[in-house]
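The primary structure of each chain is shown beneath.
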Amino acid sequence: GGAAEPPPKLVLDLERLANVPSDKAGPLQRYTATIQSQRGDYNGKVLSIRQDDLRTLAVIYDQSPSVLTEQLISWGVLGADARRAVQVDEG
Ligand code: C2E
Ligand code: C2E
Ligand code: C2E
């Protein structure tokens, strides 16, 4: 505890996500499509998601949030700043 700064916003790059092979990114592609549909937010190049969504996605991918975050950063779907969201969560 004791983090002075708020967690960074988790902003997914949807154009990068669309270019990741769906055998890897399929679950995340379906998850983001569902959020876009529920919000009526169809035309964005990026999508801000909840901190809780990262935990949910980690369950879907059967990985820890920090390992999943590294994967998303390596795909270019999340910025490196997202690491701090996981540190806040796990700290
Ligand atoms: P909900 O969770 O009952 O939220 C209802 C409305 O409250 C949202 O309608 C939105 O106008 C507002 N709202 C809730 N949380 C936030 C927030 O953190 N920031 C902002 N700016 N507004 C917030 P909206 O956007 O039409 O979404 C409808 C429903 O779609 C939500 O109902 C929720 O069930 C789902 N949803 C939308 N975006 C997300 C998301 O990023 N993650 C998840 N897990 N569900 C989402
Ligand atoms: P920001 O959060 O830094 O977002 C910058 C820009 O990224 C937004 O410009 C928008 O073009 C894009 N963006 C970010 N998240 C999403 C998303 O989930 N869907 C889509 N379609 N685009 C997204 P925009 O819309 O002109 O907003 C400028 C700033 O206004 C935002 O900066 C934020 O500070 C504020 N803002 C806009 N909408 C909301 C909101 O629903 N909740 C809160 N708290 N702030 C908002
Ligand atoms: P944001 O809109 O700037 O909201 C920042 C944080 O304020 C959210 O982080 C959440 O902790 C809190 N918050 C804002 N509005 C609500 C609300 O209506 N209900 C509750 N329970 N908390 C609220 P969080 O959840 O990590 O979401 C991060 C960003 O994801 C939001 O930034 C927003 O850009 C987007 N987002 C999340 N849920 C929704 C949603 O339902 N609809 C839309 N349009 N955007 C959402």
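Residues numbered from 1 in each chain as written. Chains lettered and ligands numbered in written order. Predicted model: local features only at pLDDT ≥ 70, side-chain atom pairs only at ≥ 80, totals over all residues. Heavy atoms only, no water.

**Brief notes about the nonpolar core**
Phase 1: Formed by 24 residues in total, the largest nonpolar core has its most connected members in Leu-28 and Trp-75.
Phase 2: Of all the secondary-structure elements, those providing two or more residues to this core are β1 (10-13), α1 (14-18), α2 (22-39), β2 (46-49), α3 (51-60), α4 (65-75) and α5 (83-90).
Phase 3: When sequence neighbours within four positions are dropped, the list of residues in contact with Trp-75 reads Arg-16, Val-20, Lys-24, Ala-25, Leu-28 and Tyr-61. (Core = buried A, V, L, I, M, F, W, Y, C linked by side-chain atoms within 4.5 Å. Buried < 20%, exposed > 50% of the residue type's maximum accessible area, 1.4 Å probe, protein only. Helix = DSSP H or I, 4+ residues; strand = E, 2+ residues; numbered from the N terminus. Contact = heavy atoms within 4.5 Å.)

**Overview of the site of ligand 3**
Phase 1: As a structural note, the neighbourhood of ligand 3 is formed by Lys-9, Arg-39, Ser-48, Ile-49, Arg-50 and Gln-51.
Phase 2: With respect to ligand 3, the side chain of Lys-9 contributes an N or O atom lying 3.2 Å from an oxygen atom.
Phase 3: Within the backbone of Gln-51, one N or O atom sits 2.9 Å away from an oxygen atom of ligand 3.
Phase 4: Among the residues forming the shell around ligand 3, the class breakdown is one nonpolar, two polar and three charged. (Near = heavy atom within 4 Å. Polar contact = N/O pair within 3.5 Å; in protein donor to acceptor, adjacent residues only side chain to side chain. Nonpolar A, V, L, I, M, F, W, Y, C, P; charged D, E, K, R; others polar.)

**Comments concerning α2**
Phase 1: Where α2 bends most, the angle comes to about 30 degrees, and this point is Leu-28.
Phase 2: For α2, the set of buried residues is Ala-25, Gly-26, Leu-28, Tyr-31, Thr-32, Ile-35 and Gln-36.
Phase 3: Residues of α2 that are buried in the fold lie against β1, α1, β2, α3 and α4.
Phase 4: Where α2 ends, the next residue or the one after it, Gly-40, has phi of about 70 degrees, a positive value. (Bend = angle between axes of the 7 residues up to and from the residue.)

**So, the pattern of salt bridges**
Oppositely charged side chains are able to pair whenever their charged atoms sit close together.
Phase 1: Applying the stated criterion to the full structure yields three salt bridges.
Phase 2: Here Glu-70 makes a salt bridge to Arg-83, at a shortest N to O gap of 2.7 Å. Taken together, the residues Glu-70 in helix α4 and Arg-83 in helix α5 connect sequence positions 13 residues apart. (Salt bridge = Lys/Arg side-chain N within 4 Å of Asp/Glu carboxyl O.)

**A closer look at the environment of Gly-44**
Phase 1: With respect to the secondary-structure elements, Gly-44 resides in the loop between α2 and β2.
Phase 2: For Gly-44, a relative accessible area of 30% gives the class partly exposed.
Phase 3: Along the sequence, Gly-44 and Tyr-61 sit 17 residues apart, while their C-alpha atoms lie 24 Å from each other.

**Focus on the confidence of the model for the protein chain**
Phase 1: Per-residue confidence for the protein chain gives a mean pLDDT of 92, with 91% of residues at or over 70.
Phase 2: Predicted as a complex, the structure gets a pTM of 0.91 and an ipTM equal to 0.91. (pLDDT = per-residue confidence, 0-100.)

**Quick word on the site of ligand 1**
Phase 1: All residues adjacent to ligand 1 are Ile-35, Gln-38, Arg-39, Ile-49, Arg-50 and Asp-53.
Phase 2: Interatomic distance of 2.6 Å between a side-chain N/O atom of Asp-53 and a nitrogen atom of ligand 1.
Phase 3: Within the complex, 38% of the 790 Å² of free accessible area of ligand 1 lies under protein.
Phase 4: At three residues, α2 tops the list of elements feeding residues into the shell around ligand 1.
Phase 5: Taken together, the residues of the shell around ligand 1 sort by class into two nonpolar, one polar and three charged. (Areas by Shrake-Rupley, 256 points an atom, 1.4 Å probe, with all protein chains shown as cover.)

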